[in-house]
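# Results of the structural survey
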Amino acid sequence: MEQRRISGKGHWYHETQSSRNDAVVLPLVPEAAFLEDRFLLDLSLSAEQHASQAEWFSAARSAYECLLPENSAVTRLHTLSSYDRLSTALTVAQVYGVQRLCNHYAARLAPQPGPDSSRESNRRLTQITQYARQLASQPTLIDDVSRQQLDEVALSVNDIVTFNQLIGFIGFQARVLAVFQALQGLPVRWVPGLDTQQDASADLFQEGEKQWQPALPAVEQRYANTQQLEVLNISLPQRVLHDMGWLLAHDADALSVLSKLTRLFFLPAEEAPANNDHILAGMLTARINGSAGCYTDLARAWHGESGLPEAMRNGERALQAWSHNHPRERAIIQAVRVLTRAPGSFSAAQLQPLFEQGFTEKEILRLLVNSALHGWLNRLKIGLGNAC
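Residues numbered from 1 in each chain as written. Predicted model: local features only at pLDDT ≥ 70, side-chain atom pairs only at ≥ 80, totals over all residues. Heavy atoms only, no water.

### A word on the overall build of the protein chain
Scanning the protein chain for helices and strands turns up 18 helices and four strands. Counting across all 388 residues of the protein chain, residues that qualify as buried make up 55%. For the protein chain, contacts bridging at least 24 residues in sequence account for 74% of all contacts bridging at least 6. Element-wise, carbon and sulfur atoms account for 49% of the exposed surface of the protein chain, whose accessible area totals about 17,000 Å². (Helix = DSSP H or I, 4+ residues; strand = E, 2+ residues; numbered from the N terminus. Buried < 20%, exposed > 50% of the residue type's maximum accessible area, 1.4 Å probe, protein only. Contact = heavy atoms within 4.5 Å. Areas by Shrake-Rupley, 256 points an atom, 1.4 Å probe, with all protein chains shown as cover.)

### Structural notes on the confidence of the model for the protein chain
When pLDDT is averaged across the protein chain, the result is 90; 89% of the residues are at 70 or more. With pLDDT under 50 throughout, residues 1–13 is counted as low confidence; its partners more than four residues away or in other chains account for 46 contacts. Note that pLDDT drops below 50 for residues 15–25; the model gives that stretch 21 contacts with residues more than four away or on any other chain. (pLDDT = per-residue confidence, 0-100.)

### Details of the environment of Glu356
For Glu356, the position within the fold is in helix α17 (residues 348–356). Accessibility expressed as a relative area gives 57% for Glu356, which makes it exposed. A sequence separation of 29 residues divides Glu356 from Pro327, and the C-alpha atoms of the two residues are 9.8 Å apart.

### Overview of the packing of helix α2 (residues 54–67) against helix α11 (residues 252–265)
Contact pair α2 / α11: the axes reach a minimum separation of 9 Å and the direction vectors enclose 160°. Of the possible angle classes, the one that applies to α2 and α11 is roughly antiparallel. The handedness of the crossing between α2 and α11 comes out as left-handed. Between α2, through Glu55, Trp56, Ala59, Ala60, Ser62, Ala63, Cys66 and Leu67, and α11, the contact on the second element is made entirely by Asp253, Ala254, Val257, Lys260, Leu261, Leu264 and Phe265. Of the residues contributing to the contact of α2 with α11, the split by class is eleven nonpolar, one polar and three charged. (Axes fitted to C-alpha atoms, helices over the stretch in contact; angles between N-to-C directions. Parallel < 35°, antiparallel > 145°, perpendicular 65-115°, else oblique. Left-handed = near helix turned anticlockwise from the far one by under 90°. Nonpolar A, V, L, I, M, F, W, Y, C, P; charged D, E, K, R; others polar.)

### As for the packing of helix α12 (residues 276–289) against helix α18 (residues 361–384)
When two helices pack together, their arrangement is given by the angle between the helix axes and by the axis-to-axis distance. The interhelical angle for the contact between α12 and α18, taken along N-to-C directions, is 40°, at an axis separation of 9 Å. The orientation of α12 with respect to α18, classified from their angle, is oblique. Here α12 and α18 pass one another in a crossing that is right-handed. Residues Asp277, His278, Ala281, Gly282, Thr285, Ala286 and Asn289 of α12 form the contact with α18, whose own contacting residues are Arg366, Leu367, Asn370, Ser371, His374, Gly375, Asn378, Arg379 and Ile382. Considered class by class, the residues forming the contact of α12 with α18 number four nonpolar, nine polar and three charged.

### Describing the nonpolar core
Within the largest apolar cluster, 117 residues are counted, with the highest numbers of intra-cluster contacts made by Trp56, Tyr105, Phe169, Phe172, Phe180 and Leu368. Among the elements that take part in this core, helix α7 (residues 157–183) stands out by supplying 16 residues, more than any other. (Core = buried A, V, L, I, M, F, W, Y, C linked by side-chain atoms within 4.5 Å.)

### Considerations on the pattern of salt bridges
In total, this model carries twelve salt bridges according to the counting rule given. Linking Asp144 and Arg147 is a salt bridge whose minimum nitrogen-to-oxygen distance equals 2.7 Å. Residue Asp144 and its partner Arg147 are located together in helix α6 (residues 144–152), separated by three residues, close to a single helical turn. A relative accessible area of 4% means that Arg147 is categorised as buried. Arg300 is paired through a salt bridge with Asp297; the nearest N and O atoms lie 3.6 Å apart. Residue Arg300 and its partner Asp297 are located together in helix α13 (residues 292–301), separated by three residues, close to a single helical turn. By relative accessible area, which is 43% here, Arg300 ends up partly exposed. (Salt bridge = Lys/Arg side-chain N within 4 Å of Asp/Glu carboxyl O.)

### Looking at helix α16 (residues 327–341)
For α16, spanning 15 residues, the distance from its first C-alpha to its last is 21 Å, which sits close to the expected 21 Å at 1.5 Å a residue. Listing the buried residues of α16 in full gives Glu329, Ala331, Ile332, Ile333, Ala335, Val336, Arg337, Leu339, Thr340 and Arg341. Its buried side turned inward, α16 meets α7, α12, α15 (316–323), α17 and α18. (Expected span 1.5 Å × (residues − 1).)

### Quick word on the side chain of Gln138
Its location among the elements puts Gln138 in the loop between α5 (119–137) and α6. Note on Gln138: relative accessible area 19%, which makes it buried. Contact partners of Gln138, with chain neighbours within four places excluded, come to Arg133, Gln197, Gln198 and Asp199.

### A few points about unusual backbone geometry
Phi is positive for Leu41, close to 55°, though the residue is something other than glycine. Tracing the backbone through its elements, the reader meets Leu41 in the loop between β2 (12–14) and α1 (47–52). In this model, Ala154 sits at a positive phi of 75°, which is unusual for a non-glycine residue. Looking at the secondary structure, you find Ala154 in the loop between α6 and α7.

### Details of the packing of aromatic side chains
Per the counting criterion, the structure on display carries 13 aromatic pairs. Their ring planes at 65° and their centres at 4.7 Å tell us that Trp56 and Phe57 sit as a pair that is edge-to-face. In terms of burial, Trp56 and Phe57 fall into one category: buried. When the ring of Phe57 is compared with that of Phe180, the centres are 5.7 Å apart and the planes differ by 55°; the resulting orientation is tilted. Highlighted residues: Phe57 in helix α2 and Phe180 in helix α7, separated in sequence by 123 residues. You can call Phe57 buried: its relative accessible area is 1%. Through a chain of ring-to-ring contacts, the aromatic side chains of Phe39, Trp56, Phe57, Tyr64, Tyr105, Phe169, Phe172, Phe180, Phe265 and Trp376 assemble into a single cluster. The cationic tip of Arg175 hangs over the ring face of Tyr96; the distance from NZ or CZ to the ring centre is 4.4 Å. (Phe/Tyr/Trp six-rings, centres within 6.5 Å; stacked < 30°, edge-to-face > 60°. Lys NZ or Arg CZ within 6 Å of the ring centre and 35° of its normal.)

As structure tokens, this is what we get:
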């Protein structure tokens, strides 16, 4: 795969075709591959931030190591190579425009041996790159045809589950980095050609409550191995993973690390009262991404001011009219909207209204990381099934 820096643009692009040129291609920032903390990418945090977020930081780092290991063994049922994974990670990072993330994955990808230059290999790489870009930038473009195209280039069900987990994780990582950079007041770098994600059509939310159904065969209980059953015992009781658990069990390691994160951020109702701020953040994230199943679940849990779920379903104008008289909710909406649509553009300007409404830094982090995690779950539900 050839990497190149486009004149006048300070970020990496990569080609979908492999190159026969044996010359070593150096990344823009080669040292970005050798970081101690590969989740936060050595972003400087205060001791208090490290201490207060240590538990979920550990789970997120485990997710990174699970989905993007140094070496990825290829087998008949697991065909995603290290090159495939890092190429996908760079594609998604470019979509979101978080420069630190682009530098890291470009640096890790550069020394990887690419696929051969056969028509089949190029078609396969083109297809997975297109799918990754669409699920990251405009999730509602993914449908049964998209999944069939992955099957046609020989991705197994195990591969497709892992692939969607990877795309979801990189989006989560990009948004977490964007939030911490904003808290530090770091300048936002404008990336030429970066598009802002468009909200999903209101039509997806107008036909009553939607139930999610898997579009791929799940693991059958009678064939589940010990590791899968152990992970499912932890994940199935969680509301946000219950519907997807048996399908996600195709990659038990990835399900395990995801369930650790969801358990930390989405407490069962019997353990803690529902947090309307977090429900609002999750609803808006699902509404923008077009995850009708996730939206339905969250709308049921909403117990705040009346009219919000209905206004959100009807689109931005209706939501703006509703939020006009609700300053606290408006501050949340403004921050989550930018973080979801364009994390590369998220800055301290989106945090200031939250501080003005009395949020502490710890509360802001919890709220926005919650939204980022919902974005991961939205993409799993969209990528792996249909709401009907």
